[in-house]
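Letter by letter, the chains look like this.
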Amino acid sequence: MMIKNIDHIGIAVKSLDEALPLYTETLKLKLEGIETVESQGVKVAFILAGNTRLELLEALSPASPIAKFIEKRGEGIHHVALGVEDIEDRIKEIKEAGLRMIDDSSRKGAHNADVAFVHPKSTAGVLYELCEQALSKEEQK
């Protein structure tokens, strides 16, 4: 099976501090945690929303892809992350199908997951992230 699930939906925000109350207080969703992903130039907050998560993304600098996204398009949905297994095989299959990848191999993302992005010019304007979650210690046993 190529795609397991929708792992999360990434939402670009100018400020986590300003955005979080909407999700945690108004919508009563649970904050799972906040972490910084230096390699991608973002600070992220994961919000539990039923059987998926929302990933709020705040740029760490004006050079961050998220800062550029917000400057060009404003705050809002940035990407849809698709849960996969064997991410390197999925990247190969996608490229063989004629789609363009932003990442030719996976890199580390939030939660130590392996991630790779499919170029939106290949997918009708939607930025998709392939996401292979790191196994927990329990799952590794």
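Conventions adopted
Residues numbered from 1 in each chain as written. Predicted model: local features only at pLDDT ≥ 70, side-chain atom pairs only at ≥ 80, totals over all residues. Heavy atoms only, no water. Helix = DSSP H or I, 4+ residues; strand = E, 2+ residues; numbered from the N terminus. Rg over C-alpha atoms; globule rule 2.2 N^0.38 Å. Buried < 20%, exposed > 50% of the residue type's maximum accessible area, 1.4 Å probe, protein only. Salt bridge = Lys/Arg side-chain N within 4 Å of Asp/Glu carboxyl O. Arc of directions from axis to C-beta. Contact = heavy atoms within 4.5 Å. Polar contact = N/O pair within 3.5 Å; in protein donor to acceptor, adjacent residues only side chain to side chain. Pairing = 2+ DSSP bridges. UniProt positions renumbered as here; feature names shortened; annotations may be inferred.

1. Section: the overall build of the protein
Along the protein, the regular secondary structure elements total 4 helices and 8 strands. In sequence order, the protein lays out its α and β elements as β-α-β-β-β-α-β-α-β-β-β-α. Expected size for 141 residues packed as a compact globule is a radius of gyration near 14 Å; at 15 Å, the protein falls within 12% of this value. The C-alpha extent of the protein, read off along each of the three principal axes, is 45 × 40 × 25 Å. Of all 141 residues assigned to the protein, the portion counted as buried reaches 41%.

2. Section: the pattern of salt bridges
For the structure on display, the rule yields 6 salt bridges. Salt-bridge contacts for D7 lead to R53; the nearest nitrogen and oxygen are separated by 3.7 Å. Placement of the pair is D7 in strand β1 (residues 5-13) and R53 in strand β4 (residues 52-59), with a sequence separation of 46 residues. For the pair D7 and R53, a shared accessibility class is recorded, and that class is buried. One salt bridge connects D103 with R107, and the closest N-O pair in it is separated by 2.9 Å. Judged by its relative accessible area of 9%, D103 falls in the buried class.

3. Regarding helix α1 (residues 16-26)
An α-helical turn contains 3.6 residues, so any two residues separated by three or four positions project in the same direction. L16, A19, L20 and Y23 are the residues of α1 that are buried. Each buried residue of α1 sits inside an arc of 105° when the element is viewed along its axis, so together they form one side. Residues of α1 that are exposed and angled more than 90 degrees away from the buried face: D17, E18, E25 and T26. Residues of α1 that are buried in the fold lie against β1, β2 (30-37), β3 (42-49) and β4. Structurally, the start of α1 carries an N-cap: the backbone nitrogen of D17 is 3.3 Å from a side-chain oxygen of S15. Downstream of α1 by a residue or two, K28 has a phi angle that is positive, lying close to 60°.

4. Overview of the pairing of β3
Pairing geometry for β2 and β3, over 7 bridges, is antiparallel. Following the sheet pairing, T36 is matched in β3 by K43. Taking the residues between adjacent antiparallel strands as the criterion, β2 and β3 are bridged by 4 residues, where G41 takes a positive phi near 65°. For β3 and β4, the ladder comprises 8 bridges, and the chain directions are antiparallel. Each residue of the ladder has a partner; that of F46, found in β4, is E55. Counted along the chain from β3 to the antiparallel partner β4, the turn is 2 residues long, and its residue G50 has a positive phi close to 70°.

5. Remarks on the UniProt feature "domain: VOC" (unreviewed entry) in the protein
According to UniProt, the feature "domain: VOC" (unreviewed entry) maps to residues 5-133 in the numbering used here. For the annotated span residues 5-133, helix accounts for 23% and strand for 41% of the residues, and the straight-line distance between the end C-alpha atoms is 12 Å.

6. Thoughts on the sheet that holds strand β5 (residues 76-83)
What the 8 strands build is an open sheet, ordered β2-β3-β4-β1-β5-β8-β7-β6; its pairing is mixed. Two strands lie at the open edges of the sheet, namely β2 and β6 (107-108), each paired on one side alone. Here β1 runs beside β4; their pairing, made up of 6 bridges, is parallel. Residue pairing for β4: A12 is matched across the bridge by L57.

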